[in-house]
Amino acid sequence: MTVLAALVAFAGAAGSGAAPARAADDWNPPAALVQPLGEVWNHVQSTYPDLYGFRNYGWDQVIANKGSVNYCVRWESDAPVSAALRDRVHAALKKQFAKWAAAMVVDGKGHNAWPYTTVPVTVVGWAVKDRSTLQWSDNSVDVYAGNLDSGGSPQCAPDCGRFFHQNGDYAKCPGGAARHYDQSLWLTKGFQGGAGGDWGQRVGQEYFTGALDQEDIHIYLHEVGHTFGLDDFYDWTPTGQCCFLMNAGSATRITEFDTWMLRDFWRHLKSRYGY
Ligand SMILES: [Zn+2]
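Keep in mind it's a predicted model, so treat the numbers as computed, not measured.

## Describing the overall build of the protein
So, point 1. Looking only at helices and strands, one finds 6 helices and 8 strands in the protein.
So, point 2. Listed by position from the N terminus, the elements making up the protein come as α-α-β-α-β-β-β-β-β-β-β-α-α-α.
So, point 3. For 275 residues, the compact-globule estimate of 2.2 N^0.38 gives 19 Å, and the C-alpha radius of gyration of the protein, at 18 Å, lies within 12% of that figure.
So, point 4. Considering only C-alpha atoms, the protein reaches an extent of 55 × 40 × 35 Å along its principal axes.
So, point 5. The burial tally for the protein puts 53% of its 275 residues in the buried class.
So, point 6. Taking the contacts inside the protein whose residues are at least 6 apart along the sequence as the reference set, 67% of them involve residues at least 24 apart.
So, point 7. Carbon and sulfur atoms form 51% of the exposed surface of the protein, whose accessible area is close to 11,600 Å².
So, point 8. Of the charged side chains in the protein, 22 are positive and 28 negative; the average position of the first set lies 5 Å away from that of the second.

Here's what the structure looks like:
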């Protein structure tokens, strides 16, 4: 479902490119998944030579925040948003993001030294072209009205964005580091499919608000997979695996194979965080 596949290529990052040394692993995938997981990792390594140099995966963000993530909602639509709809969007975002966080937890403990049993989401801002589109007057969340990116889409202040300040310096963010955002939930009217990367996830505004009560908002979930480094499968499938969330169109929830691909990414990255 990613129509902008290049956005997951993480092409702009500089880094050493060398795989860091690894500590001992608690690594025990089901036997049937060992081969396909190995194929996936080999494919990722050959496709993304800067895999180990990139420093803004969802992993980096959660670790930098010591176990949480902050969001900006970019409302690229003229559809009015009541306080009630705002709160439903927040609730759905928290519920859906938590599904990936839960994939890193086994029997109440973080898998393979992953340090967090939950990764709470805080929405720190909404971005909109015209303030009047947002029909609330309380100050429970910062509102950025009329701050547009180069393409004309509303954005929260870049001074507060991790994408623009990967060193974690939010000195120019009006609310300081506490109001910074790591990712954006970018909801665009009329947008088909999805896109995802270190900057967040973009899906159709009508799609997301129409799916608020669904158990799995699967296009969003797929794009979050990209935020944590998982790849697409447009031109191949791993041995024995047909149907999983990151193979767009083949599943509508996080499957066991998706879960183990996420854990494998952590396995290969964790030493850089001291785990
Ligand atoms: Zn994709």
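Right, picking up where we left off after that structure.
## Digging into the state of the cysteines
So, point 1. Enumeration over the complete set of coordinates arrives at 3 disulfides.
So, point 2. The disulfide that involves cysteine 160 links it to cysteine 173, with 2.1 Å between the sulfurs. What sets the handedness of the cysteine 160 and cysteine 173 disulfide is the S-S torsion sign, and at about 95° it is right-handed. Remark: cysteine 173 occurs in the loop between strand 5 (142–145) and strand 6 (183–188) and cysteine 160 occurs in the loop between strand 5 and strand 6; sequence separation between them is 13 residues. With respect to class, cysteine 160 is no different from cysteine 173; both count as buried.
So, point 3. Shown here is the disulfide that connects cysteine 242 with cysteine 243, its sulfur atoms set 2.3 Å apart. Given an S-S torsion of about -105°, the disulfide between cysteine 242 and cysteine 243 has left-handed geometry.
So, point 4. Cysteine 243 gets classed as partly exposed once you look at its relative accessible area, which sits at 42%.
So, point 5. Along the protein, the cysteines that take part in disulfide bonds pair up as 1-2, 3-4, 5-6, counted in sequence order.

## Points about the confidence of the model for the protein
So, point 1. In this model, the protein carries an average pLDDT of 93, and 92% of its residues clear a pLDDT of 70 or more.
So, point 2. The low-confidence segment residues 1–17, where pLDDT is below 50, has 49 contacts with residues more than four positions distant or belonging to other chains.

## With respect to helix 1 (residues 31–47)
So, point 1. In this model helix 1 runs 25 Å from its N-terminal to its C-terminal C-alpha over 17 residues, within 8% of the 24 Å that 1.5 Å per residue would give.
So, point 2. Looking at the packing, one finds that the buried side of helix 1 touches helix 6 (256–269).

## Concerning the sheet that holds strand 7 (residues 194–197)
So, point 1. Within the open sheet, the 6 strands sit side by side as 5-4-1-6-8-7. Their pairing is mixed. In this open sheet, the two strands that pair with only one neighbour each are strand 5 and strand 7. Pairs of neighbouring strands in the sheet enclose a mean axial angle of 20°, with direction left out of account.
So, point 2. Where strand 7 and strand 8 (residues 200–204) come together, 4 bridges link them in antiparallel fashion.

## Details of the nonpolar core
Across soluble globular proteins, nonpolar side chains have a tendency to be buried as a group.
So, point 1. Judged by nonpolar contacts, the single largest core of 64 residues is most densely connected at Trp59, Tyr71, Trp126, Phe208 and Tyr220.
So, point 2. Contributing elements (two or more residues each) for this core: helix 1, helix 2 (58–64), strand 1 (69–76), helix 3 (83–102), strand 4 (121–128), strand 6, helix 5 (218–227) and helix 6.
So, point 3. If sequence neighbours within four positions are ignored, tyrosine 220 has contacts with Tyr71, Leu93, Gln96, Phe97, Leu185, Gln201, Val203, Tyr207 and Phe208.
So, point 4. Counting residues in hydrophobic clusters, the runner-up holds 10 residues, among them Ala127, Tyr144, Cys156 and Cys173.

## Quick notes on helix 6
Since the α-helix advances by 3.6 residues per turn, residues separated by three or four positions end up pointing in the same direction.
So, point 1. Here helix 6 is 14 residues long and its end C-alpha atoms lie 20 Å apart, about the 20 Å a rise of 1.5 Å per residue gives.
So, point 2. Taking burial as the measure, the 14 residues of helix 6 include 13 buried ones, the bulk of the element.
So, point 3. Two or three places before phenylalanine 257, at the start of helix 6, stands the capping residue threonine 255, its side-chain oxygen 3.3 Å from that residue's backbone nitrogen.

## Comments concerning the environment of glycine 108
So, point 1. Tracing the sequence through the fold places glycine 108 in the loop between strand 2 (105–106) and strand 3 (109–110).
So, point 2. Judged by relative accessible area, glycine 108 falls into the exposed class, the value being 54%.

Each value, and the rule that gives it
Residues numbered from 1 in each chain as written. Predicted model: local features only at pLDDT ≥ 70, side-chain atom pairs only at ≥ 80, totals over all residues. Heavy atoms only, no water. Helix = DSSP H or I, 4+ residues; strand = E, 2+ residues; numbered from the N terminus. Rg over C-alpha atoms; globule rule 2.2 N^0.38 Å. Buried < 20%, exposed > 50% of the residue type's maximum accessible area, 1.4 Å probe, protein only. Contact = heavy atoms within 4.5 Å. Areas by Shrake-Rupley, 256 points an atom, 1.4 Å probe, with all protein chains shown as cover. Lys, Arg positive; Asp, Glu negative; His and termini not counted. Charge placed at Lys NZ, Arg CZ, Asp CG, Glu CD. Disulfide = S-S within 2.5 Å. pLDDT = per-residue confidence, 0-100. Expected span 1.5 Å × (residues − 1). Pairing = 2+ DSSP bridges. Axes fitted to C-alpha atoms, helices over the stretch in contact; angles between N-to-C directions. Core = buried A, V, L, I, M, F, W, Y, C linked by side-chain atoms within 4.5 Å. Polar contact = N/O pair within 3.5 Å; in protein donor to acceptor, adjacent residues only side chain to side chain.

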